[in-house]
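The primary structure of each chain is shown beneath.
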Amino acid sequence: MSTEYTIPSEIKSAIDGKCPRCRKGNMFRAPLLSFKSKKMYEQCPHCDLKFEKEPGYFYVAMYVSYAFIVAQLVASCVGTYVLTGNLESPWLYLSVAVAVAIILAPFNYRYSRIVLMYWLTPQFKFQEKYFLRKKEA
Ligand SMILES: [Zn+2]
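Residues numbered from 1 in each chain as written. Predicted model: local features only at pLDDT ≥ 70, side-chain atom pairs only at ≥ 80, totals over all residues.

Caption draft 1: Expanded view of the overall build of the protein chain. A count of helical and extended segments in the protein chain gives five helices and zero strands. The helix and strand sequence of the protein chain, counted from the amino end, reads α-α-α-α-α. Taking 14 Å as the expected radius of gyration for a compact globule of 137 residues, we find that the protein chain reaches 19 Å, considerably beyond that expectation. Dimensions along the principal axes, computed over C-alpha positions, put the protein chain at roughly 65 × 35 × 30 Å. Pairs at least 24 residues apart make up 54% of the contacts formed inside the protein chain by residues separated by at least 6 positions. (Helix = DSSP H or I, 4+ residues; strand = E, 2+ residues; numbered from the N terminus. Rg over C-alpha atoms; globule rule 2.2 N^0.38 Å. Contact = placed C-beta atoms within 7 Å.)

This is the structure:
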């Protein structure tokens, strides 16, 4: 089957923070590495998908975020041990853990929601008709 347009892959759209249904509209108002607003759009600017599909939907993202932070803290503490060999001071590990948690908070906030919408919500599957739809002005 040949098509004259290219649909971006699921992984690429997820990394770019595109809407899971049309893969064209942005989910977030500003890019990840920006000091501007971290807010999400309420609806997809391209296909009008309502991102918060029911009240409290994004609470589920906290569990995804929890899995992220546990993995990051374990990795950073093991990394600290490998680099320093320190078994004496708990303060080194505590400061590394706090720094990692603060530095990666925007990443976790964004990608926990993206993982939730892309892979944990069957209703938000990609639909080609929304990708092809022209946004009426
Ligand atoms: Zn969309």
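The rest of the description comes next.
Caption draft 2: Representation of the nonpolar core within the structure. C19, C22, M27, F28, C44, L49 and F51 form the largest nonpolar core, which has seven residues in total. Setting aside its immediate chain neighbours within four residues, C19 contacts K24, G25, M27, C44, H46, C47 and L49. (Core = buried A, V, L, I, M, F, W, Y, C linked by C-beta atoms within 7 Å. Buried ≥ 20, exposed ≤ 12 C-beta atoms within 10 Å, placed from the backbone.)

Caption draft 3: Representation of the packing of helix 2 (residues 60-84) against helix 3 (residues 90-103). Where helix 2 contacts helix 3, the two axes come as close as 9 Å, and the packing angle between them is 135°. Here helix 2 is positioned oblique relative to helix 3, judged by the angle of their axes. As for the relative orientation of helix 2 and helix 3, their crossing is right-handed in sense. Taken together, the residues of helix 3 that come into contact with helix 2 (itself represented by I69, Q72, L73, S76, C77, T80 and T84) are L92, Y93, V96, A97, V100 and A101. A breakdown of the residues in the contact of helix 2 with helix 3 according to their chemical character gives nine nonpolar, four polar and no charged. (Axes fitted to C-alpha atoms, helices over the stretch in contact; angles between N-to-C directions. Parallel < 35°, antiparallel > 145°, perpendicular 65-115°, else oblique. Left-handed = near helix turned anticlockwise from the far one by under 90°. Nonpolar A, V, L, I, M, F, W, Y, C, P; charged D, E, K, R; others polar.)

Caption draft 4: The arrangement of helix 4 (residues 105-119) in detail. Compared with the 21 Å implied by 1.5 Å per residue over 15 residues, the 21 Å span of helix 4 between its first and last C-alpha is a close match. Among the residues of helix 4, those classed as buried are Y111, S112, R113, I114, L116 and M117. Residues of helix 4 that are buried in the fold lie against helix 1 (10-16) and helix 2. (Expected span 1.5 Å × (residues − 1).)

Caption draft 5: How the structure looks around the environment of V74. Tracing the backbone shows V74 in helix 2. Using a count of 11 C-beta atoms within 10 Å as the deciding quantity, one classes V74 as exposed. When the C-alpha positions of V74 and F51 are compared, they lie 31 Å apart, and in sequence the two are 23 residues distant.

Caption draft 6: Spotlight on unusual backbone geometry. In this structure, R23 is a non-glycine residue whose phi angle is positive, near 60°. With respect to the helices and strands, the residue R23 is situated in the loop between helix 1 and helix 2.

Caption draft 7: Expanded view of the packing of helix 2 against helix 4. Taken N-terminus to C-terminus, the directions of helix 2 and helix 4 make an angle of 120°; their axes are 8 Å apart at the nearest point. The angle between helix 2 and helix 4 falls in the class oblique. Of the two elements, helix 2 crosses helix 4, and the hand of that crossing is right-handed. Facing V60, A61, V64, S65, F68 and I69 of helix 2, the residues of helix 4 in contact are N108, Y109, Y111, S112, R113, V115 and L116. Residues that form the contact of helix 2 with helix 4 fall into these classes: nine nonpolar, three polar and one charged.

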